[in-house]
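Chain by chain, the residues:
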Amino acid sequence: DLRTITLGVPPQEVLTKDSVTVSVDAVVYYRVSNATVSVANVENAHHSTRLLAQTTLRNILGTKNLHEILSDRESISGSMQAALDEATEPWGIKVERVEIKDVRLPVQLQRAMAAEAEAAREARAKVIAAEGEQKASRALKNASEVMSESSAALQLRYLQTLNSISAEHNSTVIFPLPIDMLQSLVRK
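Residues numbered from 1 in each chain as written. Predicted model: local features only at pLDDT ≥ 70, side-chain atom pairs only at ≥ 80, totals over all residues. Heavy atoms only, no water.

(A) Representation of the pairing of strand S1 (residues 5–15) within the structure. As defined by bridge partners, S1 adjoins strand S2 (residues 21–32) across 9 bridges and the pair is classed as antiparallel. Paired with Leu 15 across the two strands is Thr 21, which belongs to S2. (Pairing = 2+ DSSP bridges. Helix = DSSP H or I, 4+ residues; strand = E, 2+ residues; numbered from the N terminus.)

Rendered as structure tokens:
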């Protein structure tokens, strides 16, 4: 049979270079390129290709970090195809394509990665909030410097505050008194 054969590589438990256990499965597409050599040089070319695909998958992934496995599947598939094709050529087998189907992480690792991502998001949010507070304090400082130059500006700000409070339909009324007046009452 010279048609392309689809070989599902069952999930392989692999220990990555950074000591993380992952379960990875793949698909290998191959065909018999030379039927005579396929029968003469190996007892069962299909079974041998299946076993070689499993060990090649484990060997190649064992040299990669988890990050590389998750982000660089195409490169891993290409190197696996090259290794399989080179090894199966004496058997009359031509490996046409290899695809990494699924990479499954342990549940504890998924939770740890989710917690780490959540912590990173919270840290970024705190940094953004702190930067906003810093900008607001600078703006308040600048505003206070401008208002200190003119007593009328401070009085207008009081009136704007009263206007915004009254727009909210509150029952509380705030009436600003000059601080000078309060200080004279306290001294008596």
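Having seen the model, we can carry on.
(B) A look at the environment of Arg 97. Position of Arg 97 among the secondary structure elements: in strand S3 (residues 93–104). With a relative accessible area of 45%, Arg 97 lands in the partly exposed category. The spacing of Arg 97 and Asn 44 is 53 residues in sequence and 21 Å in space, taken between C-alpha atoms. In contact with Arg 97, not counting residues within four places along its chain, are Val 27, Val 28, Tyr 29 and Gln 81. A distance of 2.8 Å separates a polar atom in the side chain of Arg 97 from a polar atom in the side chain of Glu 99. (Buried < 20%, exposed > 50% of the residue type's maximum accessible area, 1.4 Å probe, protein only. Contact = heavy atoms within 4.5 Å. Polar contact = N/O pair within 3.5 Å; in protein donor to acceptor, adjacent residues only side chain to side chain.)

(C) Fine view of the nonpolar core. Counting residues in hydrophobic clusters, the biggest one holds 28 residues, and the most contacted among them are Val 22, Val 28 and Leu 57. In terms of residue count, the dominant contributor to this core is S2 (6 residues). Residues within four places of Val 28 in sequence aside, it is in contact with Ile 5, Thr 6, Leu 7, Val 9, Ala 53, Met 80, Leu 84, Val 95, Arg 97 and Val 98. (Core = buried A, V, L, I, M, F, W, Y, C linked by side-chain atoms within 4.5 Å.)

(D) Representation of helix H2 (residues 45–61) in the model. Between its first and last C-alpha, H2 extends 24 Å over 17 residues, near the 24 Å set by a 1.5 Å rise per residue. Those residues of H2 that fall on the buried side of the exposure criterion are Ala 45, Ser 48, Thr 49, Ala 53, Gln 54, Thr 56, Leu 57, Ile 60 and Leu 61. The distance from a side-chain oxygen at the start of H2 to the backbone nitrogen of His 46 is 3.3 Å, and the residue carrying that oxygen is Asn 44. (Expected span 1.5 Å × (residues − 1).)

(E) Spotlight on the sheet that holds S2. Pairing is antiparallel in the open sheet, where 3 strands are placed in the order S1-S2-S3. Two strands in the sheet have a free side with no partner beyond their single neighbour: S1 and S3. Each strand of the sheet is rotated relative to its neighbour by a mean of 25°, with strand direction disregarded. Two strands pair when backbone bridges link them, and S2 and S3 are joined in this way by 10 bridges, in the antiparallel orientation. In the sheet register, Tyr 29 faces S3, and the bridge partner there is Arg 97. The strands touched by H2 are S1, S2 and S3; relative to S1, the strand with the most contacts, the crossing angle is about 35°. In the packing of helix H4 (residues 73–88) onto the sheet, the strands contacted are S2 and S3, and the crossing angle to S3 comes to about 145°. (Axes fitted to C-alpha atoms, helices over the stretch in contact; angles between N-to-C directions.)

(F) Up close: the side chain of Ser 77. For Ser 77, the location among the structural elements is in helix H4. Look at Ser 77 and you get buried, because its relative accessible area is 7%. Contact partners of Ser 77, with chain neighbours within four places excluded, come to Val 98, Glu 99 and Ile 100.

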